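# Structural characterization, general
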Amino acid sequence: MGKLAMRALRVVLVVVLAGTVFVQTLMVWALATDPEDGSLPLTPLRVITILGMVSAQVALICVWRLVTMVRRGTVFSHAAFRNVDVMIGAIVAAALVWFSVTAINAPGQREDPGVTLIMGGVGVAILGVALIVLLLRMLLAQAVARDVEAAQMQAELDEVI
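Counting from 1, residues in each chain are numbered in the order their sequence is written. Only residues with pLDDT of 70 or above have their local features reported here, since the model is predicted, and side-chain atom pairs are shown and tallied only from 80 upward, although totals for entire chains, interfaces and linings are computed over all residues. As a rule here, side-chain values cover all heavy atoms of the structure and leave hydrogens and water aside.

When a carboxyl oxygen of Asp or Glu is within 4 Å of a side-chain nitrogen of Lys or Arg, the pair counts as a salt bridge. Under the definition given, this model contains 1 salt bridge. Of the charged contacts, one joins arginine 137 and aspartate 85 as a salt bridge, the two residues approaching to 2.5 Å between their closest N and O atoms. One end of the pair, arginine 137, is in helix H4 (residues 113-160); the other, aspartate 85, is in helix H3 (residues 79-105), and 52 residues separate them in sequence. For every residue, the accessible area obtained with a 1.4 Å probe (protein chains only) is divided by the maximum for its type, and the residue is called buried under 20%, exposed over 50%, and partly exposed between those limits. The class for arginine 137 is partly exposed, based on a relative accessible area of 24%. For the purposes of this entry, the term helix denotes a DSSP run of H or I that reaches at least four residues, the term strand denotes a run of E that reaches at least two, and both are numbered from the N terminus.

The patch calculation keeps residues exceeding 30% relative accessible area without a salt bridge and links them within 9 Å when they carry like charges or within 5 Å when they are nonpolar (Val, Leu, Ile, Met, Phe, Trp, Tyr). Accessible surface is estimated by sampling points in the Shrake-Rupley manner with a 1.4 Å probe; for residues, cover comes only from the protein chains shown. A cluster of nonpolar side chains, Ile132, Leu135, Leu136 and Leu139, forms an exposed patch at the surface whose accessible area comes to about 380 Å². Mapping leucine 139 onto the fold places it in helix H4. What makes leucine 139 partly exposed here is its relative accessible area of 44%.

Here serine 55 shows up in helix H2 (residues 42-72). The exposure class of serine 55 is buried, given its relative accessible area of 7%. In this structure serine 55 touches Ala90, Ala93 and Ala94, once residues within four positions along its chain are discounted. Note on definitions: a residue-residue contact is assigned when non-hydrogen atoms from the two residues lie within 4.5 Å.

Let us now look at H2. The length a helix should cover is 1.5 Å for every residue beyond the first. Here H2 is 31 residues long and its end C-alpha atoms lie 45 Å apart, about the 45 Å a rise of 1.5 Å per residue gives. At the exit of H2 stands glycine 73, carrying a positive phi of roughly 80°.

Its 31 residues give helix H1 (residues 3-33) an end-to-end C-alpha distance of 45 Å, which sits within 8% of 45 Å, the value for a rise of 1.5 Å per residue. Those residues of H1 that sit buried are Met6, Arg10, Leu13, Thr20, Gln24 and Ala30. Buried positions along H1 lie against H2.

Once that is clear, we can look at the nonpolar core. To define a nonpolar core, start from buried Ala, Val, Leu, Ile, Met, Phe, Trp, Tyr and Cys residues and group those joined through side-chain atoms within 4.5 Å. One finds Leu66, Ala80, Val84, Met87, Val133 and Leu140 to be the most contacted residues of the largest nonpolar core, which totals 16 residues. Taken together, the elements giving at least two residues each to this core come down to H2, H3 and H4. By residue number, the principal contributor to this core is H3, which donates 7 residues.

Moving on to the packing of aromatic side chains. Two rings belonging to Phe, Tyr or Trp (six-membered ring only in the last case) form a pair when the distance between their centres is within 6.5 Å. Interplanar angles under 30 degrees mark stacking, angles over 60 mark edge-to-face geometry, and anything in between is tilted. All told, the structure shown has 0 aromatic pairs when counted by the stated rule. Of note, arginine 10 hangs over the ring of tryptophan 64, and the distance from its end group to the ring centre comes to 4.5 Å. Distance and angle both matter: a charge sits over a ring if NZ of Lys or CZ of Arg is within 6 Å of the ring centre and within 35 degrees of the ring normal.

The next subject is the packing of H1 against H2. The interhelical angle for the contact between H1 and H2, taken along N-to-C directions, is 160°, at an axis separation of 9 Å. What the angle tells us is that H1 and H2 run roughly antiparallel. H2 is crossed by H1, and the crossing has left-handed handedness. Axes here mean lines fitted to C-alpha atoms, for a helix over just the part in contact, with angles spanning 0 to 180 degrees between N-to-C directions. An angle counts as roughly parallel when it lies under 35 degrees, as roughly antiparallel when it exceeds 145, as roughly perpendicular when it falls between 65 and 115, and as oblique in every other case. By convention the crossing between two helices is left-handed if the near helix lies anticlockwise of the far one by an angle smaller than a right angle, and right-handed if it lies clockwise.

Relative to the elements of secondary structure, glutamine 24 occurs in helix H1. The exposure class assigned to glutamine 24 is buried, which follows from its relative accessible area of 13%. Setting aside residues up to four positions removed in sequence, glutamine 24 forms contacts with Ile50, Met53, Val54 and Gln57.

Moving on, we get to the environment of alanine 95. In this structure, alanine 95 sits in helix H3. It is 14 Å that separates the C-alpha atoms of alanine 95 and isoleucine 118, two residues lying 23 residues apart in sequence. Not counting chain neighbours up to four residues away, the residues in contact with alanine 95 comprise Gly123, Ile126 and Leu127.

What follows is the structure, encoded as structure tokens:
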């Protein structure tokens, strides 16, 4: 991964992290000051938004750590698995948060159930992202195993020479 790509990714991560913190701040402010008007259950949606932002922030921090490991050349180690596992958990949590938003929104969509179906589809897509990251974790496991095997073979070769 080139230095320019890493810097660009870090800029994107910082911007998204700042955006989520901004949205969380607005939601906490709205919880404290803005009363419910009765049209939607605003308090649960605001709390769910805050939780959704937390799951996104956890995933962003894990990506940051993995980028740091790539820069240092240590990504093919067992330490990377913790970050990938936490990221998978954060994505699954985001999907559960999205499904709860869908459930809260569903009663208001009785006349147009297509919206609820689309929202459910988005939740399934989020779970699909978690499965893709799980697949990438399996690839990382294979790469780490190959790296360990190569190091052992190199050590044996060094003993012979």
